[in-house]
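# Summary of structural features
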Amino acid sequence: MVTGANGGIGTAICRALAKEGYQVAALCRCPSRAEPWLEQEKAQGYNPHLVIADIKDQDGIFSAVSVVEAELGAINLVVNNAGITRDKTLKRMQEDDWLEVIQTNLTGAYHLCRAVVPLMLERQYGRIVNISSINGEKGQMGQTNYAAAKAGLHGLTMSLAQEVASKGITVNTISPGYIATDMVMAVPEEIRQSIINQIPVGRLGEPSEIARIVTFLASPDAGFITGSNLSANGGQHMH
Ligand SMILES: NC(=O)c1ccc[n+]([C@@H]2O[C@H](COP(=O)([O-])OP(=O)(O)OC[C@H]3O[C@@H](n4cnc5c(N)ncnc54)[C@H](OP(=O)(O)O)[C@@H]3O)[C@@H](O)[C@H]2O)c1
């Protein structure tokens, strides 16, 4: 089950998992964006199973999980990828901007984990991958809300990993740097180049490079990796 499936990185994750033979439940919040996305994916030869729910809505997420388990079978992998930004300096940030980002990027992951972990515990197997950000590791001006949520997400990863490690369940974080999604490619060329200048490998990351990490962490071979934070940022932040 992949959240934010119709976004730039989410699409790459769904495709990579499908290529590995997974049946993908694609959780999207908005039918008017999700349905054209589904058509586009089908035209490309993929067949994700669309589930509409808002990650902020705990009841909606619990029913989405029940529907997916009934229609597709056991959810053995969750990728908490849905995320938003509402960038402003703290001085200008309204409580709505704060709450919307925390509830989507952090509480949303709690909702899905809360629904799925008891099922994984019963089955003694599971893989959870949380998509954080370089800015949760290093902070970023104008992103107190986003950086707090993304740093909090790795706190969730480390704590949950300890709770479920002995039951065959791993929980890991991926922290991407700047990735060439539509959002980043829409930034004016000059600003994009100034971002690239801060990346030692000299380019943006590709969504497929994040997806490849997901498929690795999801695989049975990655069973000894849990509670980790895998940074994929072209060397922009080392710690
Ligand atoms: N792109 C980067 O450079 C970068 C770098 C570091 C980390 N990340 C993280 O990677 C993840 C994916 O980013 P992206 O670049 O692919 O962004 P994106 O294209 O904007 O995709 C975000 C996805 O999250 C969904 N979403 C937002 N709020 C939701 C909610 N309340 N319930 C369910 N789904 C919701 C969006 O749905 P709608 O289409 O309906 O809005 C969209 O599908 C995010 O967590 C982001 O913070 C991205």
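Residues numbered from 1 in each chain as written. Predicted model: local features only at pLDDT ≥ 70, side-chain atom pairs only at ≥ 80, totals over all residues. Heavy atoms only, no water.

Our working rule: UniProt positions are given in the numbering used here, feature names are shortened, and annotations may be inferred rather than shown by experiment.
Under the annotation held in an unreviewed UniProt entry, the chain carries the name Acetoacetyl-CoA reductase and is attributed to Gallaecimonas xiamenensis 3-C-1. The UniProt entry for the chain carries this comment under Sequence similarities (unreviewed entry): "Belongs to the short-chain dehydrogenases/reductases (SDR) family."

## Quick look at the UniProt feature "domain: Ketoreductase" (unreviewed entry) in the chain
As a reminder, the rule being used: The secondary structure listing takes helices from DSSP runs of H or I that are at least 4 residues long and strands from runs of E that are at least 2 residues long, numbered from the N terminus.
What UniProt calls "domain: Ketoreductase" (unreviewed entry) maps, in this numbering, to residues 1–177. In this annotation, residues 1–177 is assigned 54% helix and 16% strand; the end-to-end C-alpha distance for the span is 23 Å.

## Brief notes about the state of the cysteines
Operational definition: Note on terminology: pairs of cysteine sulfur atoms within 2.5 Å are recorded as disulfides.
Enumeration over the complete set of coordinates arrives at zero disulfides. For Cys30, which is in no disulfide, the shortest distance to another cysteine sulfur is to Cys28 and amounts to 9.2 Å.

## Points about the packing of helix H4 (residues 95–123) against helix H6 (residues 144–164)
Quick reminder of the rule: For helices, the axis comes from a line fit to the C-alpha atoms of the stretch in contact; other axes are also lines fit to C-alpha atoms, and the angle between any two N-to-C directions lies between 0 and 180 degrees. Any angle between 65 and 115 degrees counts as roughly perpendicular, while under 35 counts as roughly parallel, over 145 as roughly antiparallel, and the rest as oblique. Take the far helix as the reference: if the near one is turned anticlockwise from it by less than a right angle, the crossing is left-handed, and if turned clockwise, right-handed. Here, residues are in contact when the closest pair of their heavy atoms is within 4.5 Å. Gly counts as polar in this scheme, as do all residues outside two lists: the nonpolar Ala, Val, Leu, Ile, Met, Phe, Trp, Tyr, Cys and Pro, and the charged Asp, Glu, Lys and Arg.
Relative to each other, H4 and H6 sit at 15 degrees, their axes nearing to 8 Å. The angle between H4 and H6 falls in the class roughly parallel. Along this stretch, H4 crosses H6, giving a crossing that reads as right-handed. Mapping the contact onto sequence places Asp97, Trp98, Val101, Ile102, Asn105, Leu106, Ala109, Tyr110, Cys113, Val117 and Leu121 in H4 and Thr144, Asn145, Tyr146, Ala148, Ala149, Lys150, Gly152, Leu153, Leu156, Leu160 and Val164 in H6. Along the lines of polarity and charge, the residues of the contact of H4 with H6 split into 16 nonpolar, four polar and two charged.

## A word on the site of the ligand
Here is the rule: It suffices for a single heavy atom of a residue to lie within 4 Å of a molecule or strand for the residue to be listed as near it. Within 3.5 Å is the distance limit for a polar contact, defined as a pair of N or O atoms, with the added protein rule that one can donate a hydrogen and the other accept it, and that residues adjacent in sequence qualify only through two side-chain atoms.
Taken together, 28 residues surround the ligand, and among them Asn6, Ile9, Arg29, Asp54 and Tyr146 come closest. Between the ligand and Ile9, the relevant distance is 2.8 Å, taken from an oxygen atom to a main-chain nitrogen or oxygen of the residue. Here a nitrogen atom of the ligand sits 2.9 Å away from a polar atom, N or O, in the main chain of Ile55. Those elements that place two or more of their residues in the shell around the ligand are helix H1 (8–19) and H6.

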